[in-house]
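If you want the building blocks of each chain, they are given just below.
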Amino acid sequence: MLEDLGRSVTDDDLARAVRRGREGAERAFGILYDRHTPRAYQTAWRILGGSRADVEDAVQETWVRAIASLDTRVSGGDFGSWLRSIAAHVAIDIVRKQRRLDFDANVDVALDENDDAAVRLDLETAIASLPNGYRTVLVLHDIEGFTHEEIGERLQIAAGTSKAQLFKARRAVRARLSPRIEETT
Amino acid sequence: MIDNEDRPFDENEWTAEECARFAALSAHRIPPAELKRRTVRVLRERGYFGRRTPSTGLVVGGLVAAAAVFAAGAAVGYSAAERKPVPATTIPVSFAANRGAAPIDSIPQPAPATRHVVWY
């Protein structure tokens, strides 16, 4: 049935097929995976700073958690947003386990002195090059749309800390995006 | 609020140009194909796809094998039932002959009683 309907099957239909666990569940999962993994992968990629092994672990764990909690998912909601939220959670967990989140460090946001002053980093690279604490808050707030309260809850920091991190993160991104020559004049 | 007239932008907010650059960021990143196989394998190992019904070929093969075994058993049963019994008339004759011979050969006959008469 799923193969006949192809891309027109809704996410809810596919999720129900996966949840039933009978014949066709794996096929339904394959369609869901193909639809939503690229965005979840991108979310994890940004939070984890492009560490491929960590990102792949995060996406795999994201799907395991998602399939395990299909029963509690509200039917009719945006499956992709729900999955990306899980991916963000998982990625944050990975960063925290590796003790890579340091919100107290006074990180130098300037580019390395040896960098080519005329080189302007693209935004994606600039974000990836941020310290973990800055990058995580910036990605969650400015790209994934989380509030400071939500970020604070997930990162176990105060909302004010999240705001301060975002402020510094934005400044750091600007420093990376602007040519050095502008900074020095 | 701090007067930032000498600054080109409000440090706490993105400019329109910066917002446009954020909006232009790709929302997708193609994962390696191996990741899908790996994820499916893990989910299968954890039993999420473990309740699959057997394939049609396996079911048909099983039914054919069961039918063959049944047919073979039925054929053996029928052949056993159809086998003709030994004619009843022949049995008593042989038994009778044997029955007569057996006691003579195997059971010792008691000696006839002897009467001794003494005449005075």
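Keep in mind it's a predicted model, so treat the numbers as computed, not measured.

The rules we used
- Residue indices follow the written sequence of each chain, beginning from 1 at its first position.
- In the order they appear in the text, chains get letters beginning with A and ligands get numbers beginning with 1.
- Predicted model: local features are reported for residues with pLDDT of at least 70 only, side-chain atom pairs are reported and counted for 80 or more only, and whole-chain, interface and lining totals are derived from all residues.
- What counts as a helix is a DSSP run of H or I of at least four residues, what counts as a strand is a run of E of at least two, and both are numbered from the N terminus.
- Here a residue counts as buried when 20 or more other C-beta atoms sit within 10 Å of its C-beta, as exposed when there are 12 or fewer, and as partly exposed otherwise, the C-beta atoms being derived from the backbone.
- Residues are scored as being in contact if the C-beta atoms we place from backbone atoms lie within 7 Å.
- To define a nonpolar core, we join buried Ala, Val, Leu, Ile, Met, Phe, Trp, Tyr and Cys residues through C-beta atoms within 7 Å and take the resulting set.
- Start and end positions for the domains come from either an automated domain assignment or a database one.
- Only Asp, Glu, Lys and Arg are considered charged, only Ala, Val, Leu, Ile, Met, Phe, Trp, Tyr, Cys and Pro nonpolar, and every remaining residue, Gly among them, polar.
- pLDDT: the predictor's confidence for each residue, scored from 0 to 100.
- The axes used here are C-alpha line fits, helices contributing only the stretch in contact, and every angle between their N-to-C directions lies in the interval 0 to 180 degrees.
- Roughly parallel here means an angle under 35 degrees, roughly antiparallel means over 145, roughly perpendicular means 65 to 115, and every remaining angle is called oblique.
- Here a crossing is taken to be left-handed if its near helix is turned anticlockwise relative to the far helix by less than a right angle, and right-handed if that turn runs clockwise.
- Helices are assigned an expected span. That span is 1.5 Å times one less than the residue count.

Looking at the overall build of chain A
For chain A, the helix and strand inventory stands at ten helices and zero strands. Taking all 185 residues of chain A together, 38% fall into the buried category. Summarising the internal contacts of chain A: among those between residues at least 6 apart in sequence, 69% fall at separations of at least 24.

Comments concerning the overall build of chain B
Looking only at helices and strands, one finds four helices and zero strands in chain B. Expressed as a percentage of the 120 residues in chain B, the buried residues total 4%.

Here we look at unusual backbone geometry
Positive phi is not limited to glycine here, since Gln156 of chain A has a value of about 60°. Inspection of the secondary structure assignment puts Gln156 of chain A in the loop between helix 8 (148–155) and helix 9 (159–177).

What about the nonpolar core?
All names here are of chain A. If you look at the biggest cluster of nonpolar residues, it comprises 48 residues, and the most contacted ones within it are Val18, Ala44, Ala87 and Ala91. Contributions of two or more residues to this core are made by helix 2 (11–20), helix 3 (25–47), helix 4 (52–68), helix 5 (79–97), helix 6 (123–128), helix 7 (132–143), helix 8 and helix 9. Among the elements that take part in this core, helix 3 stands out by supplying eleven residues, more than any other. Looking at which domains feed residues into this core, each of domain 1 (2–97) and domain 2 (123–184) supplies at least three.

Regarding the interface of chain A and chain B
Chain A puts 25 residues into the contact, and the matching count from chain B is 24 residues. Of all the secondary-structure elements, those providing two or more residues to the side of chain A that touches chain B are helix 3, helix 4, helix 6, helix 7 and helix 9 of chain A. Among the elements that line the side of chain A that touches chain B, the one with the most residues is helix 3 of chain A, at ten residues. Residue classes in the side of chain A that touches chain B are distributed as 13 nonpolar, four polar and eight charged.

Here we look at the confidence of the model for chain B
All names here are of chain B. Overall, the predicted model of chain B reaches an average pLDDT of 74, with 57% of residues at or above 70. Taken element by element, the predicted model of chain B shows its lowest mean pLDDT in helix 4 (residues 90–106) (55) and its highest in helix 2 (residues 33–45) (94). Contacts of residues 1–9 to residues separated by more than four positions or lying in other chains number two contacts, the stretch itself having pLDDT below 50.

Digging into the confidence of the model for chain A
All names here are of chain A. Across chain A, pLDDT averages 83, with 80% of residues at or above 70. Mean pLDDT values for the elements of chain A range from 45 in helix 10 (residues 180–184) up to 96 in helix 4. Contacts from residues 110–118, a stretch scored under 50 in pLDDT, to residues over four places away or in other chains number nine contacts. In this model, residues 180–185 is a region of pLDDT below 50 whose contacts with residues beyond four sequence positions or in other chains number six contacts.

Observations regarding the environment of Ala128 of chain A
Residue and element names in this part refer to chain A. Mapped onto the fold, Ala128 is located in helix 6. With 18 C-beta atoms counted inside 10 Å, the residue Ala128 sits in the partly exposed group. Each C-alpha atom, one on Ala128 and one on Leu48, is 8.3 Å from the other, the two residues being 80 residues apart in sequence. Leave out the neighbours within four places in its chain, and Ala128 touches Gly49 and Gly50.

Here's the deal with the packing of helix 4 of chain A against helix 2 of chain B
Where helix 4 of chain A meets helix 2 of chain B, the closest approach of the two axes is 10 Å, and the angle between their N-to-C directions is 40°. One finds that helix 4 of chain A runs oblique with respect to helix 2 of chain B. The hand of the helix 4 of chain A/helix 2 of chain B crossing is right-handed. Contacts from Glu56, Val59, Gln60, Trp63, Val64 and Ile67 of chain A in helix 4 of chain A reach Leu35, Arg38, Thr39, Val42 and Leu43 of chain B in helix 2 of chain B. Here the residues of the contact of helix 4 of chain A with helix 2 of chain B are counted per class, giving seven nonpolar, two polar and two charged.

Topic: helix 5 of chain A
For the α-helix, the turn length of 3.6 residues means that residues three or four positions removed from each other point alike. Residue and element names in this part refer to chain A. Compared with the 27 Å implied by 1.5 Å per residue over 19 residues, the 27 Å span of helix 5 between its first and last C-alpha is a close match. Within helix 5, burial applies to Phe79, Leu83, Arg84, Ile86, Ala87, Ala88, Val90, Ala91, Ile92 and Val95. Tucked into the core, helix 5 has its buried residues touching helix 2, helix 3, helix 4, helix 7 and helix 8.

Regarding the packing of helix 3 of chain A against helix 4 of chain A
Residues and elements named next belong to chain A. For the pair helix 3 and helix 4, interaxial distance at closest approach is 9 Å and the crossing angle is 130°. One way to sum up the angle between helix 3 and helix 4 is to call them oblique. Crossing geometry of helix 3 relative to helix 4 is assigned as right-handed. For the pair helix 3 and helix 4, the contacting residues are Tyr33, Thr37, Ala40, Tyr41, Ala44 and Trp45 in the first and Val55, Ala58, Val59, Thr62 and Trp63 in the second. Classifying every residue of the contact of helix 3 with helix 4 gives nine nonpolar, two polar and no charged.

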